[in-house]
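One-letter residues, chain by chain:
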Amino acid sequence: ISSGPAGTYFWLFCARMLGVLLVFGCAALANRYAGRWAALLTAGVILVSPWWVSSTTIGQDGPPTAAFVVGAILAYQRGWVRIAGISVLCATLLRPEAAPFAFVFAVWAWRGGRLRLWEVIAGGVVLVGLWGVPTFLNTGLSPGTIASQGGVRGTPIHAQIPFLAVYSDAASKLLVIPAALVVVATFAALLRLVGRGPSWLTDVWGRTREEQLLLATAMGWLLIVAIETIDGFSGNTRYAIAAFALFSIVAGVAAVRLAAQWRVVGGHHPRRVRAGT
């Protein structure tokens, strides 16, 4: 994007549009997992969250990154592996936290015959070229060196324990109820993995491998942001927005499934929503 007002306005248009599309994409995933009420709750969680409002309004890279991550999941669900790969590549070009996931996806898709080796190599060349070359030519520094030069006041890097501050900041940005639902869903998924726990709890999240991977991706992304603070990165909220978006899906779905379980216990016996529908 060119410098000057025209380039700025173009970026703001793209960033805000992708921020809006993020809401619809997360709602679509929640609808797939637990129906329309989960979709509405997920959209509501995102719209009232401080991270979505502020970041989308000022055009930060967080919402566009999250939109590409969610877009990759939606594309993969439809069997569009190359589109999913391009979406992951776009997310990585915006935020380096996506790089480990891009690498795992590329290797998995290549080994499974879903992508050709030259496609994987081409993606790596594009990524390294667009990330490193322009930055080095303009500043003489690597992107990592620039990004690890601290952050503004109030970011986790200035906390007594930056690593833990990333998690406390995440909890505050998700708001109390969604954050609590994510904790419950995480506990439910762990119990389901080990084959223990009551069915009313283990059914809250993790019914399918896709659900397990989605939660693992969100947790992994937040962990990467926290680890970055050890090396001088600021831990800015916008770094973790992709994780927040996925957590919002988890919260919306968990709320609907918990409500359904409560109605069953109360004797109403509603029709159970099947995973993946």
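The rules behind each value
Residues numbered from 1 in each chain as written. Predicted model: local features only at pLDDT ≥ 70, side-chain atom pairs only at ≥ 80, totals over all residues. Heavy atoms only, no water. Helix = DSSP H or I, 4+ residues; strand = E, 2+ residues; numbered from the N terminus. Buried < 20%, exposed > 50% of the residue type's maximum accessible area, 1.4 Å probe, protein only. Contact = heavy atoms within 4.5 Å. Areas by Shrake-Rupley, 256 points an atom, 1.4 Å probe, with all protein chains shown as cover. Polar contact = N/O pair within 3.5 Å; in protein donor to acceptor, adjacent residues only side chain to side chain. Salt bridge = Lys/Arg side-chain N within 4 Å of Asp/Glu carboxyl O. Expected span 1.5 Å × (residues − 1). Patch = residues over 30% accessible without salt bridge, like charges linked within 9 Å, V, L, I, M, F, W, Y side chains within 5 Å. Core = buried A, V, L, I, M, F, W, Y, C linked by side-chain atoms within 4.5 Å. pLDDT = per-residue confidence, 0-100. Phe/Tyr/Trp six-rings, centres within 6.5 Å; stacked < 30°, edge-to-face > 60°.

(A) Structural detail: the overall build of the protein chain. A tally of helices and strands in the protein chain yields 13 helices and 0 strands. Here the protein chain holds 277 residues, and the buried ones make up 43% of them. A fraction of 70% describes how many contacts in the protein chain between residues 6 or more apart in sequence connect residues 24 or more apart. Split by element, the accessible area of the protein chain, about 14600 Å² in all, is 69% carbon and sulfur.

(B) Fine view of the side chain of Glu97. With respect to the element layout, Glu97 can be found in the loop between α5 (81-94) and α6 (99-111). Among the polar contacts listed, one links the side chain of Glu97 to the side chain of Arg95, at a separation of 2.9 Å. If near-sequence neighbours (up to four positions away) are discounted, Glu97 is found in contact with Trp221, Ile224, Val225, Glu228 and Tyr239.

(C) Geometry of the pattern of salt bridges. The final tally for this structure, using the stated rule, is 8 salt bridges. Between Asp169 and Lys173 there is a salt bridge, with the nearest N and O atoms lying 2.9 Å from each other. Here Asp169 pairs with Lys173, and both are found in helix α9 (residues 162-174), just 4 residues apart, close to one helical turn. With relative accessibility at 21%, the residue Lys173 sits in the partly exposed group. Here Arg192 makes a salt bridge to Asp203, at a shortest N to O gap of 3.1 Å. Taken together, the residues Arg192 in helix α10 (residues 176-194) and Asp203 in the loop between α11 (199-202) and α12 (209-228) connect sequence positions 11 residues apart. Exposure remark for Arg192: the relative accessible area of 31% places this residue in the partly exposed category. Classification of Asp203 as buried rests on a relative accessible area of 13%. Put simply, Asp61, Arg95, Glu97 and Arg238 are held in one network by salt bridges that share partners.

(D) Summary view of helix α1 (residues 5-34). Given a rise of 1.5 Å per residue, 30 residues ought to cover 44 Å, and the 44 Å separating the end C-alpha atoms of α1 matches this to within 8%. Just downstream of α1, Gly35 is the residue with a positive phi angle, here 95°.

(E) Quick look at a nonpolar patch on the surface. A contiguous nonpolar surface patch, about 680 Å² in accessible area, is contributed by Phe103, Val104, Val107, Trp110, Leu117, Ile121 and Val125. Going through the elements one at a time, α6 and α7 (117-139) are the ones with two or more residues in the nonpolar patch. Broken down by element, the residue count for the nonpolar patch peaks at 4 residues, all from α6. Structurally, the position occupied by Leu117 is in helix α7.

(F) Summary view of the nonpolar core. Judged by nonpolar contacts, the single largest core of 58 residues is most densely connected at Leu22, Trp205, Phe244 and Phe247. Here this core gets 13 residues from one element, more than from any other, and that element is helix α13 (residues 241-265). Setting aside residues no more than four positions away along its own chain, Phe247 makes contact with Leu174, Val182, Leu215, Ala218, Met219 and Leu222. Judged by nonpolar contacts, the second largest core, of 9 residues, contains Ala75, Val81, Val88 and Ala102.

(G) How the structure looks around the confidence of the model for the protein chain. Taken as a whole, the protein chain shows an average pLDDT of 87; of its residues, 85% reach a score of 70 or greater. Residue range residues 265-277 is modelled with pLDDT below 50. Its contacts to residues more than four positions away, or to other chains, number 27 contacts.

(H) Up close: unusual backbone geometry. In this structure, Leu175 takes a positive phi of about 80° despite not being glycine. By the secondary structure assignment, Leu175 is in the loop between α9 and α10. With a relative accessible area of 32%, Leu175 lands in the partly exposed category.

(I) Molecular detail of the packing of aromatic side chains. This structure, assessed with the given rule, holds 6 aromatic pairs. On the numbers, 6.0 Å between centres and 45° between planes, the contact of Phe105 with Trp108 is tilted. You can see Phe105 and its partner Trp108 sitting in helix α6, 3 residues apart, about one turn around the helix. Accessibility expressed as a relative area gives 16% for Phe105, which makes it buried. A ring pair is formed by Phe163 and Tyr167, whose centres lie 5.7 Å apart and whose planes are at 45°; its orientation type is tilted. Of this pair, Phe163 and Tyr167 both sit in helix α9, separated by 4 residues, roughly a single helical turn. What makes Tyr167 partly exposed here is its relative accessible area of 31%. Each member of the aromatic cluster is reached from another via a ring pair, and the members are Tyr76, Phe105 and Trp108.

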